[in-house]
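Structural overview
Listed here are the chains, written in short residue letters.
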Amino acid sequence: MTDLNYDKSLHLKELIPQSAIDEIEQWILKYPAERKRPPIMPALKVVQEHNGNYLTTEMMQAVAEYLDVPHVAVYEVATFYTMFNLNEMGKHVLSVCTNLSCSLRGSDKVVEHLQNRLNIKLGETTKDGVFTIKEVECMAACGGAPMLEVDKVYHENLTEEKIDKILSDIAAQHMPAKEEDNNGK
Amino acid sequence: MGKVNIEIDGKKLVADVGSMIIEVADDADIYIPRFCYHKKLSVAANCRMCMVDVSNLPKAVPACATPVADGMVIQTQTPKAVDAQKSVMEFLLINHPLDCPVCDQGGECELQDLSVGYGEDVSRYVEGKRVVKDKDLGPLISTDMTRCIHCTRCVRFGQEIVGIREMGATGRGEHVEIGTYIESTMDSEVSANIIDLCPVGALTAKPSRYKARAWELRESPSIAAHDCLGSNVNVHHRRGEIIRVVPRENEAINEVWLSDRDRFSYQALTDGKRLLQPKIKKNGQWESCDWQTALNFAMTEMKRIIGASNGDNFGAIIGNNSTTEESYLAQKILRGLGCNNIDFRTRRRDFSADDKGNVRSGLNFPLQDLEHMDATLLVAGDLRHEQPLATLRVRKSTGFGKAMAINPFDGEYNFRLSHEIQPEPHLLANEFACVLSAVAAKKDDAISAEIKEWLSGVEHNKVHSEMADELIAGEQTCILLGVYAQEHPQAETINWLGEQVAKLTDSKWGYMTQGCNAAGNKLAGAVPNQSEVGGRATLGKNAKQMLNEGLKGYLIHNCEPDVESLWSEQALENFNNAECVIALTSYDDGRMLDYANVMLPIAGNFETSGTFINIEGIWQSFAAAVAAPGDVRPAWKILRVLGNLFELNGFDYESSIQIRDELREKYEVSGDKKVSRKMPEVLCSSEKFEAPRESLGLYRVDPMVRRAEALQKTPKASTHPISISRVKT
Amino acid sequence: MANEVCFRTLDLETPWSLEAYESVGGYSSLRKIIAGELDHEKIIDELKLSALRGRGGAGFPTGLKWSFMPRNMPGQKYVVCNSDEGEPGTFKDRDILRFNPHQLIEGMAIAGYVMNATVGYNYMRGEFYEPFDRMEQALKEARSKNLIGDNILGSDFCFELHNHLGGGAYICGEETALIESLEGKKGQPRFKPPFPANYGVFGRPTNVNNTESYASVPAILENGGQWFLDLGKPNNGGTKIFSVSGHVTNPGNFEINLGTPFKDLLEMAGGMLAGNQLKAVIPGGSSSPILPAEVMMELTMDYDAIGKAGSMLGSGAVMVIDESVCMVELAARTAHFYYEESCGQCSPCREGTGWMSRVIHRILEGEGKPEDIDNLDRVAGNIMGRTICALGDAAAMPIKGFLKNYRHEFEYMIEHKRSMVKG
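Residues numbered from 1 in each chain as written. Chains lettered and ligands numbered in written order. Predicted model: local features only at pLDDT ≥ 70, side-chain atom pairs only at ≥ 80, totals over all residues. Heavy atoms only, no water.

Comments concerning the pairing of strand β17 (residues 375-379) of chain B
Residues and elements named next belong to chain B. Summarising burial for β17: five of the five residues are buried, a large majority. Neither face of β17 is left uncovered, since the one carrying Ala375, Leu377 and Val379 and the one carrying Thr376 and Leu378 both have all their residues buried. The pairing of β17 with strand β18 (residues 402-406) spans five bridges and is parallel. Paired with valine 379 across the two strands is isoleucine 406, which belongs to β18. Where β17 meets strand β20 (residues 477-481), five bridges bridge the pair, whose relative direction is parallel. Within β20, the residue paired with leucine 377 across the bridge is isoleucine 479. (Buried < 20%, exposed > 50% of the residue type's maximum accessible area, 1.4 Å probe, protein only. Helix = DSSP H or I, 4+ residues; strand = E, 2+ residues; numbered from the N terminus. Pairing = 2+ DSSP bridges.)

Next comes the structure, spelled out in structure tokens:
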């Protein structure tokens, strides 16, 4: 029997921090109040971001309950749009465009270089869980082909040097904490 | 509505403005192939099969999504149309497994049928085919999702008709999968309709999986026996065995749908433990015997007990889904023997109106009207589980109208309520009286001083007042009392309130009844206060009295009062203590084996002929679809022989039709006796009473449903009945 | 002249600022409206005169589209901007959003005024984080100056604009799929009729235009429809942003007059990369049929000329292809894209895109059969015109284009099991 006093929004609140809930609430304000589904996509994005780039079934259900929509309405959205990942991903997803313009300008070499450097194949995640290489379709930056997106930033006119720099900058974020950080500065 | 003139395949037609080509063609019996289109569902236009050639349009257009226009000339057979249809057929078949020989849908498959007309014999598709993992949708529905052609009928059914989105289309492109995404059992009361909707063999009936090929089946029309709608069905059987039950279209009653309960209850007959021969208990042991021995035993015992007590110490309890003919004969025997103790209302507490007597029960407006209501007030009814298909009608009305509820339990609704009151069970009548008070406040001139006086002290609040407003403002409105209202200790007060509120707000009103034939049983006289068609009778004992007082002898027909009555414990005890219990039953199991002294095997639903009278008063007669097994006999024949054994007059029937006609003639003379309800003396008795806290439950309503294996395996069988009394804080 | 319309702030410092935009005349049309100097009929007349056509790809006349909206119908109406920019090869809207967001805001506010819509949504593709932030910043600026929001500049006119982000689906560039997506559903196109002007977002009348279309409006109203028309050719008014990518020395966006010869555009983009030979051009995004070099070099860049040559101007995405490219490979990549992006709703597209992709990939793997070519052409033909939305056509047309112009490369590969170009 369902408990009438059970607050259906609680589940999501247990999964993501209040700041993320606030962010979802901001999105909800953009749409007519009587419409429950428009915030599904933004909410899933917020949750995915807080869960290291992927969504679990539980999270999708929590979003459905929070927004008071049928579970399957959320599953449909999450499985339709390519930006939602339903399998575990690396902390940094290198989304490489391989569509026409990028392939004309050597996206195959970009993929090859990334695979060699990270020692994984397209679609795989490095053992340390830091990187995933994901093949994506055109991201509207064909003037800067070949390109990739990682952590919400577009990197255009890629060369092997540029790629190496992107990788090393990210890797640096995952170095063991430096001493001064430990001093609380 | 405006009309336009169009022409389809040379046939000149007049069509309503706004209708789609396919609707007009269907009405004119011009066939246009289709998969996704279904007249009861929204237009999806996704299969692209129904392409037709419309003059002046360069390309073929889908008939399901193209509105007619005046002067439109449509052709369904030109090369333009046929090319489009054939190419769509080719696309649909490339990923279809073509496993027709092992598919249950084979022989009645829309894809198979159309591929004969539009498909090629050799596929030009040589690439790999898509394979889709099957989903477990529970005990009722089998899935073979590789066969799915993505028409989305099943998805739209859930979304639009039921209002519960369980199925969806996840993924995209070629990877779209129809299903629930996570393993999840279908949980609605009408879920199996997607089996009928599925144009291919992706969704088939699990209980009849691999049992027979479509072309081996014979079809017999019948009436479903588990709610007061009397849904029309076709029974499909092979060599005397029921293979499955499917809906038979009747727009006025069940449209094209069927509840899961009505669809799968037949399993009790095919797979349940059937009583195949009469049995008599001797020294505590059951012994099979012939009919003569059993009937003589029953007759002797009845004579003995009735004779010794002037009819006082014997009583008959009639099951809810007994046919009208059976009830009529049962009461005819009892009353012929001078006993008026007969009743079918084992879930009623309030018999205060029994001294008046009337014939009609239920709804005095067409069921169909439920979908046109601007406002519906539901009082004490678990509509979804009691009359699943009536709910679908109410849901339709909520597309434009309002639905409101006064329900003493946490009701499950598949439509949105604009107003809801959830009283403690014993305050149900009080809450309803508050609505009358609110109506009275708005219709002061129309209220008699008597009612004003009666209502003094009843205070209504804003919600009551808004409910009243909706009922007054709407053009078409109704008040629907649910089954629980009739079980309530103040049932007659609630009925009176319903009548008053309806009168003052110009609403229609009616009450739903338990089982499929309450109206028929009442009309047949299977009640202690009146004989057939409301005839006068000495007041006998009602079900409550019979089950509580402990009689020396009982006849129980097609029911298990120890399970389904409101006094199950008392019934069990009194049955055990009785000198003789005569059971007319289809099953050889249960506690009946302990308390009965003789068991007479009766034919089940679909094995006998008879008549059910539904909530609207429609008489629906049916013939037996299959013969009963073994020595099992239709109950009307058994009762006829019993009548003869008692040497009573008027038991010379040769068919159930004769019985029906006799009753029908009497009814035509008597007509519906209109009885005005008396105003209850007080709203609430001063003594605090314990109101019922549990409903009977979706899959517990009668012996047949309780023995239907697949239904019993559904989640609803265990989560239902719902407990009552939850007050929202 | 270049960069006169949507990119007119581009040479300024912080071109995205309100200050920069106002310095080139920005928001003057909105102010005129508020002052009562411009009414909705006059605006539609100017737009019709300008011959501005939808810049998203379909090329439908904008003035006409606006006139279809039932502006006097009671209840909420919406204006929606299609910034989904998913057509491969196209990257112009991203730059409008990044570098001249205020012109889009003003264009949408004007549209809101003309069509009596008080709410607008700017639907950007999901990966547009940077443009999103710019737009949000610009909205904040505009709001603080009361250029949008309630009672704009003290008038009765209210217009609220919201930025929305998609989730990664090419199909959402189709206007009804975009509407579905905005409603929080899968981006599956609706069949028409009803058209969005009658039944759009949340079931309300809705006007959907491309970013560049809305952003062109303020400049047109400032300078007059005739001015815009004169920039281009009759029926092809104004300038258009061409996104040039592929084998050119300086890829990028070029806002130039419609009717400019292709060879001039190629020159602006720095000519062919490394001095290679031009082989072919995909002139209007990946769904436009490919045109061989010799055809292309004679064409002007406008709707009518490209259309006459058997392709489409589309979104203005010009993909330049040199001699090193194997057309079977390019066709395979194109087919794969549409296979990935079909929404899965209509049978011909759902099944047909996969079929085409599989056949071409099989040819690429050396498993092709001579009959595959005709079958491919037949399958493409069977998809065309038989689906709810234009994705079916978009998937089929380029394949038909490859087969028409480069059939010999397919035949060579089937026969020799290797590429004619790459060996």
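Regarding the sheet that holds strand β4 (residues 61-62) of chain B
All names here are of chain B. Here we have five strands laid out as an open sheet, ordered β2-β1-β5-β3-β4, and mixed in their pairing. Edge positions in the sheet fall to β2 (11-16) and β4, since each has one partner strand and no second. Examined bridge by bridge, strand β1 (residues 3-8) and strand β5 (residues 73-75) share two bridges and lie parallel to one another. Residue isoleucine 8 lies in a different strand from β5, and its bridge partner there is isoleucine 74.

Considering the packing of helix α3 (residues 40-50) of chain C against helix α9 (residues 211-223) of chain C
Residues and elements named next belong to chain C. Relative orientation of the contacting elements α3 and α9 amounts to 100°, with a least axis distance of 10 Å. If you check the angle between α3 and α9, you find them roughly perpendicular. Note on element contacts: α9 touches α3 through Val217, Ile220 and Leu221, opposite Ile43, Glu46, Leu47 and Ser50. (Axes fitted to C-alpha atoms, helices over the stretch in contact; angles between N-to-C directions. Parallel < 35°, antiparallel > 145°, perpendicular 65-115°, else oblique. Contact = heavy atoms within 4.5 Å.)

A closer look at the pattern of salt bridges
Oppositely charged side chains can form a pair if their charged atoms are brought close together. Residue and element names in this part refer to chain B. Evaluation of the coordinates by the stated rule reveals 93 salt bridges over all chains. For aspartate 369, the salt bridge is made with lysine 508, and the minimal N-O distance between the two is 3.1 Å. Placement of the pair is aspartate 369 in the loop between β16 (342-343) and β17 and lysine 508 in strand β21 (residues 508-511), with a sequence separation of 139 residues. Judged by relative accessible area, which is 16%, aspartate 369 ranks as buried. With a relative accessible area of 30%, lysine 508 lands in the partly exposed category. Several salt bridges converge on common partners, so that one network encompasses Lys40, Glu251, Glu255, Glu371, Arg393 and Lys396. (Salt bridge = Lys/Arg side-chain N within 4 Å of Asp/Glu carboxyl O.)

A word on the sheet that holds strand β11 (residues 232-238) of chain B
One key point about sheets: their strands pair by backbone hydrogen bonds, in either a parallel or an antiparallel sense. Residue and element names in this part refer to chain B. Here we have three strands laid out as an open sheet, ordered β10-β11-β12, and antiparallel in their pairing. Only two strands of the sheet have a single partner each, and these edge strands are β10 (218-223) and β12 (241-247). With strand direction ignored, the average angle separating the axes of adjacent strands in the sheet is 30°. Alignment of β11 against β12, held across six bridges, turns out to be antiparallel.

Quick word on the interface of chain C and chain A
Interfaces are frequently sized by the accessible area removed from exposure as the parts join. Listed as interface residues are 59 residues of chain C and, on the opposing side, 34 residues of chain A. In total, about 3800 Å² of surface goes out of reach between chain C and chain A, with carbon and sulfur atoms giving 59% of it. Of all residues in chain C, Tyr129, Lys186 and Arg333 of chain C give up the largest surface area on contact with chain A, accounting jointly for 17% of the area buried on that side. Here glutamate 136 of chain C makes a salt bridge to lysine 30 of chain A, at a shortest N to O gap of 3.9 Å. Between chain C and chain A we count 20 residue pairs in polar contact (both at pLDDT 80 or more) in total. Every element with two or more residues in the side of chain C that touches chain A is listed here: β2 (119-124), α7 (129-144), β3 (160-165), α8 (175-182), β5 (239-246), β11 (317-322) and α14 (327-341) of chain C. (Buried area = accessible area lost by both parts, 1.4 Å probe. Polar contact = N/O pair within 3.5 Å; in protein donor to acceptor, adjacent residues only side chain to side chain.)

Details of helix α4 (residues 153-162) of chain B
Residues and elements named next belong to chain B. Most of α4 is tucked away: eight of the ten residues are buried. Of the positions making up α4, those classed as buried are Arg153, Cys154, Val155, Arg156, Phe157, Gly158, Ile161 and Val162. Buried residues in α4 make contact with α3 (110-118), β7 (168-170), β8 (177-179), α5 (193-197), β9 (203-205) and α11 (388-397). The first or second residue beyond α4 is glycine 163, which carries a positive phi of 80°.

Some thoughts on the interface of chain C and chain B
Opposite the 34 residues of chain C that make contact, chain B presents 35 residues. Approximately 2700 Å² of surface area, both sides summed, lies buried where chain C meets chain B, with 51% of it carried by carbon and sulfur atoms. Its largest share of buried area at the contact with chain B, chain C owes to Glu351, Trp355 and Arg386 of chain C, together 24% of the area lost on that side. One can count five salt bridges joining chain C with chain B. Close ionic contact of arginine 358 of chain C with glutamate 174 of chain B constitutes a salt bridge, the shortest N to O distance being 2.6 Å. Between the two partners, chain C and chain B, sit 21 residue pairs in polar contact (both at pLDDT 80 or more). If you list the elements that add at least two residues to the side of chain C that touches chain B, you get α14, α15 (347-364) and α16 (371-383) of chain C. With ten residues, α15 of chain C is the largest single contributor of residues to the side of chain C that touches chain B. Split into classes, the residues belonging to the side of chain C that touches chain B amount to twelve nonpolar, eleven polar and eleven charged. (Nonpolar A, V, L, I, M, F, W, Y, C, P; charged D, E, K, R; others polar.)

Any functional reading would require information that these geometric values do not contain.
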